[in-house]
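What follows is the residue order along each chain.
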Amino acid sequence: MFLLQGLAVLAAVLAVRGRTLLPAMREGRTAAVAGGLMSLTAYGLVVWAQTVGDLPTIAALRETSIVIAALIGTLVLRERLGTLRLAASATVLTGIALLEFAY
């Protein structure tokens, strides 16, 4: 499924960018391969963890990536931490707490 998703994204980008896609892919190929490998590794780790651990705990841990991404965006990329991002992070944290206390 993971690989099929990549093919679907490639087809969509090809439809939008057309002939400009190949030169753009050549420029960022190292970063793209590194990002793809990291994403595949992260997905594999989550699937593996779900087979050996407590599912609600692992789901909660997986969802913390949303909060971490918001923090990285704010602290590293200097993005604005607005009301919507704070509300989304609070919602995720509330869900994590509910999952942990329910199980």
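In what follows, the accompanying structure is described.

What counts, and at which threshold
- Residues numbered from 1 in each chain as written.
- Predicted model: local features only at pLDDT ≥ 70, side-chain atom pairs only at ≥ 80, totals over all residues.
- Heavy atoms only, no water.
- Helix = DSSP H or I, 4+ residues; strand = E, 2+ residues; numbered from the N terminus.
- Expected span 1.5 Å × (residues − 1).
- Buried < 20%, exposed > 50% of the residue type's maximum accessible area, 1.4 Å probe, protein only.
- Arc of directions from axis to C-beta.
- Contact = heavy atoms within 4.5 Å.
- Axes fitted to C-alpha atoms, helices over the stretch in contact; angles between N-to-C directions.
- Parallel < 35°, antiparallel > 145°, perpendicular 65-115°, else oblique.
- Left-handed = near helix turned anticlockwise from the far one by under 90°.
- Nonpolar A, V, L, I, M, F, W, Y, C, P; charged D, E, K, R; others polar.
- Salt bridge = Lys/Arg side-chain N within 4 Å of Asp/Glu carboxyl O.

## Things to note about helix 5 (residues 83-102)
The first and last C-alpha atoms of helix 5 sit 28 Å apart over 20 residues, in line with the 28 Å expected at 1.5 Å per residue. Looking only at helix 5, the buried set comprises Ser89, Val92 and Ile96. Buried positions in helix 5, seen along its axis, are confined to an arc of 60 degrees and lie on one side of it. Exposed residues pointing more than 90 degrees away from the buried face of helix 5 are listed as Thr83, Leu84, Thr91, Leu98, Phe101 and Ala102. Of the surrounding elements, those touching the buried residues of helix 5 are helix 4 (55-75).

## Brief notes about the packing of helix 4 against helix 5
Remark: helix 4 packs on helix 5, axes separated minimally by 9 Å, with the N-to-C direction vectors making an angle of 160 degrees. For the element pair helix 4 / helix 5, the angle class is roughly antiparallel. Where helix 4 crosses over helix 5, the handedness of that crossing is left-handed. Between helix 4 and helix 5, the contacting residues are Pro56, Thr57, Ala60, Glu63, Thr64, Ile66, Val67, Ala70 and Thr74 on the first element and Arg85, Ser89, Val92, Leu93, Ile96, Leu99 and Glu100 on the second. Class assignment of the residues belonging to the contact of helix 4 with helix 5 gives a composition of nine nonpolar, four polar and three charged.

## Description of the pattern of salt bridges
Taken as a whole and assessed by the stated rule, the structure comprises one salt bridge. Here Glu79 and Arg85 are joined by a salt bridge, their closest N and O atoms 3.1 Å apart. By relative accessible area, which is 37% here, Glu79 ends up partly exposed. Arg85 gets classed as partly exposed once you look at its relative accessible area, which sits at 31%.

## Regarding the environment of Met38
By the secondary structure assignment, Met38 is in helix 3 (residues 29-52). Residue class for Met38 comes out exposed when judged on its relative accessible area of 58%. Along the sequence, Met38 and Val76 sit 38 residues apart, while their C-alpha atoms lie 19 Å from each other.

## A word on the side chain of Ser89
For Ser89, the position within the fold is in helix 5. Sequence-distant contacts of Ser89, that is, excluding residues within four places in its chain, are made with Val67 and Ala70.

## Overview of the side chain of Thr74
Relative to the elements of secondary structure, Thr74 occurs in helix 4. The exposure class of Thr74 is buried, given its relative accessible area of 18%. Residues within four places of Thr74 in sequence aside, it is in contact with Glu79, Leu81 and Arg85.

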